[in-house]
Amino acid sequence: MGRITDKAKAEEETLSDGQRVRHLSLRHFRNYESLDLEIGDGINLISGKNAQGKTNLLEAIYLLSSTRLLRGQRDTEAVQEGFDRAQVSAELAPLSTLLSVALERGLRKRVLLNGLALPRASDVLGRLPCVCVSSADLPLISGEPADRRLFLDLELSQLYPAYLRHLAVFKRAVEQRNSLLKLAQTQHVEAELFETWEAQMALHGAALRVQRMEFLSNLVPYAQEAQSCIGDGENIELSYLPKDDAVTEEELAAAFKDGRRQEIARGSTLIGPHRDDFRVDVAARDARLYASQGQQRTSMLSVKLGTMELERGERGSAPLLLLDDILSDLDESRRARLMSLIVEHAGQTLLTCTEPAAAGKEVLRSAQVYRVEAGQVSK
């Protein structure tokens, strides 16, 4: 691995204020009443028995990076029981930027940069680039199209602010058009009202498809390199699967117009990038349908680690890597190859496991090792 793309960075690319977490602070987050922890620049190995709080540490950093919780719950479910508010903060290197997320029952989450609230939580995307890998990511290979679209949307929104803007406008336009489709089931709706939203959907939907296709195309060689490192010789391929044949703005506008009558009957927009998918092939077969569980797990790791390398090429430095309890799912040889790859190529890394020895001697020689027990962390 280590391939660096020679594509010039787009002017719109997010340049984060800090690439690493220097200090992590938690208040009433999950099972942590209060925690202040220094994080090393290299590999940080977080060990402990199950249900002690290892994953919660990774989730706190993931929240700062993506504004999302790892386990897909409501934000307030991360607030410690008996309290109304939780806060996760990190000092980022190299510029000592302070990034915080506040979760409060009954209120929207707030994101603060150096103490000042950002207008939208999504404005933080790209400030702390991060790739997270856990067993919960298996739906990336075996799950539904929505799982793979979410992966694309999260990764592209971190890399390119323009993608996030296209996505937000497109989603709002789809919601408005869907409301009109439902209204048209019971009363006449002028075509001009549909056309207003369809024009936005066509413009921004075409941009989404182009960037998704380019991202997957660029990701393939990186995923293949990762697969060759940790797999058993099988090749991996990624291909974008649009729901329809419309690619350009003009083609999408025509498709929305032509499908309007059918979609009124359904009350929902049936075509467009919000219905698209992508396919992962391992050994020239659809991994979702034909790969073994071991092959699916390996291909998921390859896609994720390939994303890390792609982001390194785009930004000039590796994103933070979070690995949550993945070692127990791998056989000894794959585990050793994965750890060697991480030692050689990853930047700042947080890795959870039940026993430090599972990471191998190569990792233990260079890692900072922490022990977590009942929401308490010792070094």
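Turning our attention to the overall build of the chain. The helix and strand inventory of the chain stands at 11 helices and 15 strands. Against the 2.2 N^0.38 benchmark of 21 Å for 379 residues, the chain shows a C-alpha radius of gyration of 22 Å, consistent with a compact globule. The 379 residues of the chain split such that 53% are buried. Here the analysis covers contacts within the chain between residues at least 6 apart in sequence; of these, 73% occur between residues at least 24 apart. The average position of the 48 basic charges and that of the 55 acidic charges among the side chains of the chain differ by 3 Å.

Packed helices, taken two at a time, are described by their axes: the angle between them and the distance between them. It is the contact of helix H3 (residues 145–159) with helix H9 (residues 293–315), at a shortest axis distance of 11 Å, that shows an interaxial angle of 20°. On the basis of their axis angle, the class for H3 and H9 is roughly parallel. Relative to H9, the crossing made by H3 is right-handed. Contact residues: Phe-151, Glu-155, Gln-158 and Leu-159 in H3; Val-303, Lys-304, Thr-307, Glu-311, Glu-314 and Arg-315 in H9.

With that out of the way, let us pick up the pattern of salt bridges. Scanning the model with the defined rule gives 23 salt bridges in all. A salt bridge links Asp-277 to Arg-148; its shortest N-O distance comes to 2.6 Å. Here Asp-277 is found in strand E10 (residues 277–282), whereas its partner Arg-148 is found in helix H3, with 129 residues between them in sequence. The buried category is assigned to Asp-277, whose relative accessible area is 15%. One continuous salt-bridge network, built from bridges that share partners, spans Arg-177, Glu-198, Arg-260 and Glu-263.

Turning our eyes to something else, we now look at a negative patch on the surface. Taken together, Asp-245, Glu-249, Glu-250 and Glu-251 make up a surface patch of like negative charges. Accessibility expressed as a relative area gives 33% for Glu-249, which makes it partly exposed.

A few words on the nonpolar core. Judged by nonpolar contacts, the single largest core of 68 residues is most densely connected at Phe-215, Leu-219, Leu-321 and Leu-338. If one sorts the elements of this core by residue count, helix H5 (residues 191–230) sits on top with 14 residues. Every residue in contact with Leu-321, bar those within four places of it in the chain, is listed here: Val-131, Val-133, Leu-305, Met-308, Ile-342, Ala-346, Gln-348, Thr-349 and Leu-350. Phe-29, Leu-57, Ala-86 and Leu-99 belong to the second largest nonpolar core, which has 38 residues in total.

Moving on to the packing of helix H4 (residues 161–183) against H5. Two elements in contact, H4 and H5, have axes whose closest approach is 8 Å; the angle formed by their N-to-C orientations is 145°. Along this stretch, H4 crosses H5, giving a crossing that reads as left-handed. Contact with H4, carried on its side by Tyr-163, His-166, Leu-167, Val-169, Phe-170, Arg-172, Ala-173, Val-174, Gln-176, Arg-177, Leu-180 and Leu-181, involves Leu-193, Phe-194, Trp-197, Glu-198, Gln-200, Met-201, His-204, Gly-205, Ala-207, Leu-208, Gln-211 and Arg-212 of H5 and no other residues of that element. Taken together, the residues of the contact of H4 with H5 sort by class into 14 nonpolar, 6 polar and 4 charged.

At the junction of Ala-93 and Pro-94, the peptide bond is cis and its omega measures out at 15° in the coordinates. Tracing the chain through its elements places Pro-94 in strand E4 (residues 85–94). For Ala-51, which is not a glycine, the phi torsion comes out positive at approximately 65°. Within the secondary structure, Ala-51 is located in the loop between strand E3 (43–47) and helix H1 (54–66).

Here the focus is the pairing of E3. Burial analysis of E3 places 5 of its 5 residues in the buried class, which makes it a mostly covered element. Every second residue of E3 is oriented toward a common face, with Ile-43, Leu-45 and Ser-47 on one face and Asn-44 and Ile-46 on the other, all of them buried. Note: E3 against strand E13 (residues 349–353), 5 bridges, orientation parallel. Note on E13: the bridge partner recorded for Leu-45 is Leu-351. Where E3 and strand E14 (residues 368–373) come together, 4 bridges link them in parallel fashion.

Definitions and limits used
- Residues numbered from 1 in each chain as written.
- Predicted model: local features only at pLDDT ≥ 70, side-chain atom pairs only at ≥ 80, totals over all residues.
- Heavy atoms only, no water.
- Helix = DSSP H or I, 4+ residues; strand = E, 2+ residues; numbered from the N terminus.
- Rg over C-alpha atoms; globule rule 2.2 N^0.38 Å.
- Buried < 20%, exposed > 50% of the residue type's maximum accessible area, 1.4 Å probe, protein only.
- Contact = heavy atoms within 4.5 Å.
- Lys, Arg positive; Asp, Glu negative; His and termini not counted.
- Charge placed at Lys NZ, Arg CZ, Asp CG, Glu CD.
- Axes fitted to C-alpha atoms, helices over the stretch in contact; angles between N-to-C directions.
- Parallel < 35°, antiparallel > 145°, perpendicular 65-115°, else oblique.
- Left-handed = near helix turned anticlockwise from the far one by under 90°.
- Salt bridge = Lys/Arg side-chain N within 4 Å of Asp/Glu carboxyl O.
- Patch = residues over 30% accessible without salt bridge, like charges linked within 9 Å, V, L, I, M, F, W, Y side chains within 5 Å.
- Areas by Shrake-Rupley, 256 points an atom, 1.4 Å probe, with all protein chains shown as cover.
- Core = buried A, V, L, I, M, F, W, Y, C linked by side-chain atoms within 4.5 Å.
- Nonpolar A, V, L, I, M, F, W, Y, C, P; charged D, E, K, R; others polar.
- Pairing = 2+ DSSP bridges.

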